[in-house]
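Here's the letter readout for the chains.
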Amino acid sequence: MAIMISIPAGVMANQQTANELANNLSDTINQTGQSINETLIQIDCSLASDFAGFGFRPPDSSSFTPGQGGFVPGQGSNGGEIPPNFDPSQFGGGVMPGRFGGGSFGGGEANPMNESLYTDINSIDGVAAVAPMLQVSEGQNVTREFMDRSFTILVPDYVIQGIPLTSELIDKYSILPSNITAGRNLNAGETGVVVLSQNNSAFFDAGIGDSITILNQTFTVVGIHGGTGVSDQTSLYMNLNDAQTVTNNTGYITSLRVFTDSSDVVSQVANDIGELHSELTVSTGQERLTQLQQIQSTYDAVLENAQASVNSTQMVALEEIIVVVAATSLIVLFVMLYTVRERTKEIGTLKAIGFSNATVMGQFMLEGVLLSVIAGVVGIVIGTVAAPTLSSLLLPSVNLFSGSTGGFVMRGAGATTTVASVSLELILLAFGAALLLGAIGSLYPAWRAAKIRPAEAMKYE
Amino acid sequence: MSKPVLQIQKLSKTYMLGKRPVNALTDLNLQVNQGEFVAIMGPSGSGKTTLLNVIGCIDKATTGQVLLDGIDVSQMAENQLYKIRRDKMGFIFQTFNLLPYLNARENVELPMEGKIKSKSERKKRASELLAMVGLSGRENHRPQRLSAGEQQRVAIARALANDPAIILADEPTGNLDTKNKHEIIKVLAHLNLARGTTIIMVTHDSQAANHTERMLLLKDGRIVKEKEGLHLAKKNHKCPHCGSSITLKDDMCPSCKMPLYASEEIFPS
């Protein structure tokens, strides 16, 4: 019975978690919806990062290790100089040894592109603006063992996002971090300043107005952004020129973001870019839209699942409560019936020596209530101790939602740790329930006790 | 002449054994006066226990009248009868029927609970009664730490708790060895002599019955025989063996040296 009283604690926690999950998912879906609108006139062009590429031999590289496959370790910020005229596109994919190689698995960081090779994109019909971008991860090399081979991968501390700070671009298009939570955003033409994410702020231990050193160069923090996706959580934004200088990538970028005059010409422009530069991976807003819609429908399905889960947990909770109530009452009933049966002679004696039916009945009711209250107290103690374990056993389905889907991590969903806490309210509830169930369960046995004939006392053992 | 404490007129009791009616008692008449020590004897199935149950208000007569202390209890409802049992009756059972989780004194206090409000008064009275049956100093012992004879003495003290008009004893010596059997008979005889308590005892045991003043033989639901017992002479301060004068305190006759209460000598087994 003690255990049974602790079950509702787990059930309540279950419901709470499912509700939280549903709320978090709605937030994520709203954010995804916004990205869809912004993405309609965009075309992103980059050299595909290809982890599986073989046969790539970079010039002037002493750090290349043959046989390590496509995923060549990054060397941190001090290695892998890139010759100014080196065009990696001629090698058809592969990963540069050097800091570009070290993107996170999920991030798909692009290969460096020589900016000057792509100026012709500007003159394609329908192109309104071209924003060259540079994205470089900085962090530590960590060696990991995988299938008898050791890999050195870069675990990024932060990601430098170089943004062209021309007023033409930042006024008309959303290329700057959108979610500024403190300070201000980057201004046109500004250099020597950065906008950090909250994670960066913690990593550099710096706030608004502080100076930080990135790759031996000093920057002033002007703003903090809240991020709009998980990849953004480690991104710091600065002038493209600053980014190129500080990462030793003058003249190099990792992607081009092309903005078209209208969403109608997007596919035509994308075709033209593809014809002009077949080595580029071109993704249009339309394609991204389709992707996002797929993701959204996945989210919708997940949300639906979550809501169904909430509903079913509530149903389960209700069922469990009914079962617990019924079982507890039945246990009290049977225990008390057994007690009454065992003590028939004693009850007969009490009645023979002058106890009234009411007194006998009251005595047994009291006994039943006391029994279940004692069990209730034991149950509350066990429940308080066991609730966290119990709830994690009860909640495997909710934990399935954690993790990432298609590169988009559902924020909050997996982060919700489910710990059932036993509140005072719950304790009082359990205590009251024990009292009530004890009374209900012992009603009939007590009545049976009262109906025992005093002549039963005369019977031999 | 002492007044009647129990009057039974034309008492019949019919049980249904399946569909067949069984007459346990048939047109039974009985009068017991205050201060009498009566034994009801008879073979199994003769109706002894039924009669005791009807007298004790734990069973109802089919027809006839039962007057207890002048009150007609034969048609009373249960919510009245429990008071009669509590105030007018004292029960002694063959199997003692003490509550195992209560000590001797608490067991004796039990019947007083509905009647005497003051806890200290109940406690005092229970201790007095235990002293009377020879158990002073054993008040705090639980039944399992008492011998069978001692347990039955606690039960006797409990039966006396509310100063009943009649003590009903159902085979009080049935579960006792010879020595304890004699002890209990002696306690009952003493109670009857010293306090004038009316005792009706149902027994199989003719030796125990012989130590009452009046023996009734029950057969097929009727009283078929009545006989004087040894106890009658003692009430008149006479030795039942030689007729010489005795006092209440004597355990044996001062002149003929015969034991006055049940003992192995007069009941060679």
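The shown structure was predicted, so the numbers you read here are calculated from the model rather than taken from an experiment.

What counts and what doesn't
Residues numbered from 1 in each chain as written. Chains lettered and ligands numbered in written order. Predicted model: local features only at pLDDT ≥ 70, side-chain atom pairs only at ≥ 80, totals over all residues. Heavy atoms only, no water. Helix = DSSP H or I, 4+ residues; strand = E, 2+ residues; numbered from the N terminus. Buried < 20%, exposed > 50% of the residue type's maximum accessible area, 1.4 Å probe, protein only. Contact = heavy atoms within 4.5 Å. Areas by Shrake-Rupley, 256 points an atom, 1.4 Å probe, with all protein chains shown as cover. Phe/Tyr/Trp six-rings, centres within 6.5 Å; stacked < 30°, edge-to-face > 60°. Buried area = accessible area lost by both parts, 1.4 Å probe. Salt bridge = Lys/Arg side-chain N within 4 Å of Asp/Glu carboxyl O. Polar contact = N/O pair within 3.5 Å; in protein donor to acceptor, adjacent residues only side chain to side chain. Nonpolar A, V, L, I, M, F, W, Y, C, P; charged D, E, K, R; others polar. Core = buried A, V, L, I, M, F, W, Y, C linked by side-chain atoms within 4.5 Å. pLDDT = per-residue confidence, 0-100. Axes fitted to C-alpha atoms, helices over the stretch in contact; angles between N-to-C directions. Parallel < 35°, antiparallel > 145°, perpendicular 65-115°, else oblique. Left-handed = near helix turned anticlockwise from the far one by under 90°. Pairing = 2+ DSSP bridges.

**Q** Would you explain the overall build of chain B in this entry?
**A** A tally of regular secondary structure across chain B gives eight helices and 10 strands. Expressed as a percentage of its 269 residues, the buried residues of chain B come to 54%. Excluding contacts between residues fewer than 6 apart, the proportion of contacts in chain B whose partners are at least 24 apart in sequence is 64%. Taken as a whole, chain B presents about 12,100 Å² of accessible surface, with 49% of it coming from carbon and sulfur.

**Q** Even after reading the chapter, I still don't get the packing of aromatic side chains, so can you show me in this structure?
**A** Residue and element names in this part refer to chain A. What the rule picks out here adds up to six aromatic pairs over all chains. Relative to Phe204, the ring of Tyr158 lies with its centre 5.0 Å away and its plane at 50°, an arrangement referred to as tilted. In this pair, Tyr158 sits in strand E4 (residues 149-163) while Phe204 sits in helix H3 (residues 198-204), placing the two residues 46 residues apart along the sequence. Residue Tyr158 is classed as buried on the basis of its relative accessible area of 7%. Taking relative accessible area as the criterion, Phe204 reaches 17% and is therefore assigned buried. Ring pairing ties together the aromatic residues Tyr158, Phe203 and Phe204, which thus form one cluster.

**Q** In this structure, what is going on with the interface of chain A and chain B? I would like to understand it.
**A** Accessible area lost when the parts come together is the quantity often used to give the size of an interface. Opposite the 19 residues of chain A that make contact, chain B presents 21 residues. The junction of chain A with chain B conceals about 1,700 Å² of combined surface from both sides, 63% of it contributed by carbon and sulfur atoms. Our count for the chain A to chain B interface comes out at one salt bridge. Linking A:Arg453 and B:Asp59 is a salt bridge whose minimum nitrogen-to-oxygen distance equals 4.0 Å. One can count five residue pairs in polar contact (both at pLDDT 80 or more) joining chain A with chain B. By residue number, the principal contributor to the side of chain A that touches chain B is helix H7 (residues 344-352) of chain A, which donates six residues. Residue classes in the side of chain A that touches chain B are distributed as nine nonpolar, four polar and six charged.

**Q** I tried to follow the nonpolar core on my own but got confused; where do I start?
**A** The nonpolar side chains of a soluble globular protein tend to be buried, and buried together. Residue and element names in this part refer to chain B. Val108, Val154, Ile156 and Leu188 are the most contacted members of the largest nonpolar core, which has 39 residues in total. If you list the elements that add at least two residues to this core, you get helix H3 (104-109), helix H4 (119-132), helix H5 (148-159), strand E7 (166-170), helix H6 (178-195) and strand E8 (198-202). It is H6 that provides the largest number of residues to this core, a total of seven residues. Excluding residues within four positions of it along the chain, Val108 makes contact with Ala126, Leu129, Leu130, Val154, Ala157, Arg158 and Ala161. Judged by nonpolar contacts, the second largest core, of 37 residues, contains Val32, Ile40, Cys57 and Ile200.

**Q** What should I look at first to understand the confidence of the model for chain B in this one?
**A** A low pLDDT means the predicted coordinates there should not be read in detail. Predicted confidence across chain B gives a mean pLDDT of 89, with 97% of residues reaching 70 or more. The secondary structure element of chain B with the lowest average pLDDT is helix H8 (residues 231-235) of chain B, at 84, and the one with the highest is H3(B), at 96.

**Q** In this structure, what is going on with the packing of H5(B) against H6(B)? I would like to understand it.
**A** Working note: a packed helix pair is described by the angle between its axes plus the distance between those axes. Residues and elements named next belong to chain B. The N-to-C vectors of H5 and H6 enclose an angle of 20°; their axes lie 9 Å apart at closest approach. On the basis of their axis angle, the class for H5 and H6 is roughly parallel. Seen along the crossing, H5 lies across H6 with a hand that is right-handed. For the pair H5 and H6, the contacting residues are Gly149, Gln152, Arg153 and Ile156 in the first and Asn180, Glu183, Ile184, Val187, Leu188 and Leu191 in the second. Of the residues that constitute the contact of H5 with H6, the class distribution is five nonpolar, three polar and two charged.

**Q** How should I be thinking about the pattern of salt bridges in this particular structure?
**A** Two side chains of opposite charge can pair, provided their charged atoms sit close to one another. As enumerated under the stated definition, the model contains 21 salt bridges over all chains in all. For the salt bridge of B:Glu150 with B:Arg138, the shortest nitrogen-to-oxygen distance reads 2.6 Å. Separated by 12 residues along the polypeptide, B:Glu150 in helix H5 and B:Arg138 in the loop between H4 and H5 bring together distant segments of the chain. Connected through salt bridges with shared partners, the residues A:Arg343, A:Glu346 and A:Glu367 form a single ionic network.

**Q** Can you help me understand the pairing of strand E6 (residues 193-197) of chain A in this one?
**A** The two faces of a sheet get side chains in turn, since along a regular strand they alternate between them. Residues and elements named next belong to chain A. Within E6, five of the five residues are buried, leaving the element largely enclosed by the surrounding structure. On E6, burial covers both faces: Val193, Val195 and Ser197 on one face and Val194 and Leu196 on the other are all buried. Bridge count for E6 against strand E9 (residues 235-239) is two bridges, and the pairing is antiparallel. By the bridge assignment for E9, Val195 is matched with Tyr237.

**Q** What is the right way to read the sheet that holds strand E2 (residues 20-33) of chain B from this model?
**A** Two orientations exist for strands paired in a sheet by backbone hydrogen bonds: parallel and antiparallel. Residues and elements named next belong to chain B. An order of E2-E1-E4-E5 is seen for the four strands of this open sheet, with the pairing classed as antiparallel. The sheet is open, and its two edges are formed by E2 and strand E5 (71-72), each paired on a single side. As judged from the two bridges shared by strand E4 (residues 63-68) and E5, these two strands associate in the antiparallel manner. Considered in E5, the bridge of Leu67 is made with Asp72. Sitting on the sheet, helix H1 (residues 48-55) is in contact with strand E1 (4-17), E2 and E4, with an inclination near 125° to E1.

**Q** Would you explain the environment of B:Lys235 in this entry?
**A** Of note, B:Lys235 is situated in helix H8. Taking the C-alpha atoms as reference, B:Lys235 lies 9.2 Å from B:Asn192; in sequence the two are 43 residues apart.

**Q** So what exactly am I meant to see when it comes to the side chain of B:Arg214 here?
**A** Residue and element names in this part refer to chain B. By the element assignment, Arg214 lies in strand E9 (residues 214-219). Among the polar contacts made by the side chain of Arg214, one reaches the side chain of Glu36 at a distance of 3.0 Å. Ignoring any residue separated from it by four or fewer positions in sequence, one finds Arg214 in contact with Leu30, Gln31, Val32, Glu36, Phe37, Val38, Ala39, Glu226, Lys227 and Gly229.

**Q** Looking at this model, I keep getting lost on the sheet that holds E9(B). Mind explaining?
**A** Residues and elements named next belong to chain B. Spatial ordering of the open sheet is given by E6-E7-E8-E3-E9-E10, a layout of six strands whose pairing is mixed. Two strands in the sheet have a free side with no partner beyond their single neighbour: strand E6 (89-92) and strand E10 (222-228). Between one strand and the next, the sheet's axes are offset by a mean angle of 20°, whatever the strand orientation. Alignment of strand E3 (residues 37-41) against E9, held across four bridges, turns out to be parallel. Bridged to Met41 within E9 is Leu217. Where H1 meets the sheet, it contacts E3, E6, E7, E8 and E9, and its direction lies at approximately 150° from that of E7. The sheet strands contacting helix H2 (residues 78-88) are E6 and E7, and the helix crosses E6 at an angle near 75°.

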